[in-house]
Amino acid sequence: MIDSVGNISGLLALGPNNPLALATIDRLAGPRLKQAVLLDFDAVRLSRAAERVSQFGVPDVITELYHPDDAPPQVELVSTAFDRRDIDVVLIAATPTTKVSSDQVPTAAEVCETIRTSLIDSMTIAEAALDQLIAQGHGILVVFSHSGLANSLGLDRAYCAAMAGLGTLTSTLAQRAEGTGVRVISVRITPVADPNASGEAHSSAWVRPVDVASAVGAEVRTTRRNIRNATLTLPKSWRRMMPSQRN
Amino acid sequence: MPSTRTSSARLPTTDHGRIRVVEDTVMAGSSASGCRTVATDSAATVAGVRDQILNAPKRGLVLSEGNGQGYGWSTNAGGRAIRLVGPLAAPAVEWIDWDRQTARISAGATVAGVSETLLAEGWCLPSLVGNPQRTIAAMVSGALVGPHQLRHPSIGQAIRAIELVDGSGELRRLEPTDSDSRGFWAVVGGVGLLGVPTAVELAIRPVSSSWLLVDSVQYDSFDGVVDALCNETADRYGTAVLDVSARGSRTGRGTVRHARHARVNELPPTRQHVALAYNASADGGRSSQPIQAIQRTRVGRLLAEARYRASAPRTDNELAPLAEFFHRAAIAGPSNTPDWGWIKYDFCVPTDARELVTDFIRAASTVGVPISAAQLTRVDSHQAGPLGWPSSGFAASIRLPLGASSMPTLLDTFDERIAEARGCIQLATDTRMRPDVLAQMYPRLAEWHSLRAEFDPHSSFNSDLARRLAL
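Residues numbered from 1 in each chain as written. Chains lettered and ligands numbered in written order. Predicted model: local features only at pLDDT ≥ 70, side-chain atom pairs only at ≥ 80, totals over all residues. Heavy atoms only, no water.

**So, the overall build of chain A**
Assigned secondary structure in chain A consists of seven helices and seven strands. A burial count over chain A gives 56% of its 247 residues as buried. Of the roughly 10300 Å² of accessible surface on chain A, a fraction of 52% belongs to carbon and sulfur atoms. (Helix = DSSP H or I, 4+ residues; strand = E, 2+ residues; numbered from the N terminus. Buried < 20%, exposed > 50% of the residue type's maximum accessible area, 1.4 Å probe, protein only. Areas by Shrake-Rupley, 256 points an atom, 1.4 Å probe, with all protein chains shown as cover.)

Below, the structure written as structure tokens:
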């Protein structure tokens, strides 16, 4: 249960190795966070993320490996996680993929795999989580995405397309959540200054994971305004430049 | 966000008294995720209540608090709530025993409705507090501490019997004079997790008017306030409103209000012919949003300081309607539920630890957490259940606007200090306490758990508070 001052007791994260997810978990972790369930399809990434999340002081970290593009087991995995205890916040944060070099063109199979893991699996798990949150009657679904414009800044093209699609489809989740007691927060960002993109030149348009985590943390905290679905476009200057990005 | 009902389709009452499809999806509660959905079923008879309990959903049932804003104990996200209607709510007062000064009251009736009915007969409830739109069942289950009065230090002392349907669907009658009264005391203040009260027999006191004569005296120090609260006579109610704008040595200063029921001949002639009418005019008066916004700011604090200085240091025999005196905080201020951006921090501390109240006001000021209102009430040593607080001391009710980032840490720190001082946070209004300090505050928690297992073996009752605190 999220208490009145915004402390959460249970969390589920898809793609916990994503710097945005890690920073957000770090931000949300407090004395009342008893359990974090981490989902990924890559065992190495998953164990690395579990180690980090444990360091944040979460007493019970559960890791679940799922098979990509296999929806029924993924839905079952989410259902099992909610059966254990109430989950207050679900983070959907597909792990970013970057181009190895500018002249490398990914194969069709690689593109398909990226779309499958970053978009289809994310949506499958997000939908399953939303069903569970609605049955639970409370909770927040946070979906990290960004616009395709980011493609010009060094990320993998298929990944950017997947993120743009995910951002668009999130609005359907928000519509389903209306009036159910569940909030959907769509976080749309410019490329994040994460270690994967450390070689890129710094741009003032970039945000740090900690900025994203702060914005999400502020949304989780209770105020009179935090009662509806929201779209966070970061950085805020970007939102001012492109009003169309609000939804 | 105020309570919102998204649908309200009612079908006729069935043979078992259960109104089947009242799918009021009430958006209420205190979740940071905004609102929670609480599907509410209504029950009109004991059989209807039993029917719902025996068919409780997976996430459990909870007793609906009534029309007032709900706290965590009376909300059940994803589950169901039971609202008592029909014969379980009306008539508000089934009978009055003049000899024993006792009334049998429908558990689904609101406190305001009961007060109105009793006053018409020349009686009133001895202990009143909180939102007048709450039901009597919620009042018994919450057992909040109201203005101090020597004869009835708590609502538990005024209850002669409770009839409730437990988690097995069995109708029980519980009295404090039972050879084993543990069940009775576990239900009083049991935050609705042991059963659904269907009727309550309460001690009532005779009155000749619905008005109170209130003496207000300002004291420039916390010690002065405390001394004044401790020097009360038996027939008077006492409570203090602390000036939260005061700093330094004046921290904790405030106005002590003593009240007694006015006799008819003490009323102005124009009011004497309606002396026993329940004046509910104060019920609707919530602060407007702009005023609430100002109250949270430094300007609000300066205004509070100015208001305190401008008010008369002493007023005697000021007439106040019953509702205004007892339910003032609930009806005149903003809604006290977190989805309105406020929370209440209600705690009790023993007399020797009363400085925790002023320490809290100072600490809040230091870390930048504004306080919008604070009340202090004396508590006498009395019999209480495992989730009650039986010691003598003081009960503080502090209203805080949400938003300050340092608030969670501040409240956690004081939770621990209060627990160390053998005080407690009042569960009925708690929306954020950590489960690990609960056992320290309530040393008889294990006894309550065993009684809960006996009353509700299938865990049919559940609430957001119960899940958070693992009750």
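**Some remarks on the layout of surface pockets**
Counted as a void, the second largest pocket has a volume near 670 Å³. Along its surface, the second largest pocket is lined by 22 residues, and Phe82, Arg85 and Asp86 of chain A together with Arg59 and Arg467 of chain B are the ones closest to its centre. Those elements that place two or more of their residues in the lining of the second largest pocket are α3 (71-84) and α4 (108-136) of chain A together with α16 (464-469) of chain B. Taken together, the residues of the lining of the second largest pocket sort by class into five nonpolar, six polar and 11 charged. (1 Å grid on protein atoms, 1.4 Å probe; cavity = no way out; pocket = protein on both sides within 12 Å on 5 of 7 lines; lining within 4 Å. Points joined across faces, edges and corners; volume = space filled by probe spheres on them. Nonpolar A, V, L, I, M, F, W, Y, C, P; charged D, E, K, R; others polar.)

**Concerning the sheet that holds strand β11 (residues 195-203) of chain B**
Residue and element names in this part refer to chain B. Taken in spatial order, the five strands line up as β6-β7-β11-β9-β10 in an open sheet, and their pairing is antiparallel. At either margin of the open sheet sits one strand with a lone partner, and together these are β6 (93-97) and β10 (171-174). Averaged over all neighbouring strand pairs, the angle between strand axes comes to 15°, with direction disregarded. As defined by bridge partners, strand β9 (residues 159-166) adjoins β10 across four bridges and the pair is classed as antiparallel. The residue of β10 that forms the bridge with Leu164 is Arg172. Sheet strands in contact with helix α1 (residues 46-54) are β9, β10 and β11, and its direction is about 50° off that of β9. (Pairing = 2+ DSSP bridges. Axes fitted to C-alpha atoms, helices over the stretch in contact; angles between N-to-C directions. Contact = heavy atoms within 4.5 Å.)

**Details of the packing of helix α12 (residues 355-366) of chain B against helix α13 (residues 407-420) of chain B**
Residue and element names in this part refer to chain B. Two elements in contact, α12 and α13, have axes separated by 11 Å at closest approach and are oriented at 165°. In this view, α12 runs roughly antiparallel relative to α13, as classed from their interaxial angle. Judged by the sense of rotation from one axis to the other, the crossing of α12 with α13 is right-handed. Each of Leu356, Asp359, Phe360, Ala363 and Ala364 in α12 lies in contact with α13, whose residues at this interface are Leu410, Leu411, Phe414, Arg417 and Ile418. Broken down by class, the residue content of the contact of α12 with α13 amounts to eight nonpolar, no polar and two charged. (Parallel < 35°, antiparallel > 145°, perpendicular 65-115°, else oblique. Left-handed = near helix turned anticlockwise from the far one by under 90°.)

**Looking at the sheet that holds strand β19 (residues 393-401) of chain B**
Residue and element names in this part refer to chain B. Taken in spatial order, the eight strands of this open sheet run β16-β13-β15-β14-β18-β19-β17-β20, and their pairing is antiparallel. Looking at which strands have only one partner, the edges of the open sheet turn out to be β16 (314-321) and β20 (424-425). Across the face of the sheet, α12 comes into contact with β14 (237-242), β17 (342-350), β18 (373-379) and β19 while running at roughly 150° to β17.

**Some thoughts on the pairing of β11 of chain B**
All names here are of chain B. In terms of burial, β11 is largely enclosed, as nine of its nine residues are buried. In the sheet, strand β7 (residues 102-106) pairs with β11 via five bridges, with the strands oriented antiparallel. By the bridge assignment for β11, Ala103 is matched with Leu202. Sheet topology places β9 next to β11; seven bridges connect them, and they run antiparallel. Its bridge partner lying in β11, Glu163 is registered against Ala199.

**As for the state of the cysteines**
With the rule as written, the count across this model stands at zero disulfides over all chains. With no disulfide partner, Cys112 of chain A has as its closest neighbouring cysteine sulfur the one in Cys160 of chain A, 17 Å distant. (Disulfide = S-S within 2.5 Å.)

**A look at helix α2 (residues 111-120) of chain B**
Residue and element names in this part refer to chain B. Summarising burial for α2: seven of the 10 residues are buried, a large majority. Residues of α2 that are buried include every one of Val111, Ala112, Gly113, Val114, Ser115, Leu118 and Leu119, and no others. Buried residues belonging to α2 abut β6, β7, β8 (123-124), α3 (136-142) and α10 (322-326). Backbone geometry just downstream of α2 places Gly122 in the positive-phi region, at approximately 90°.

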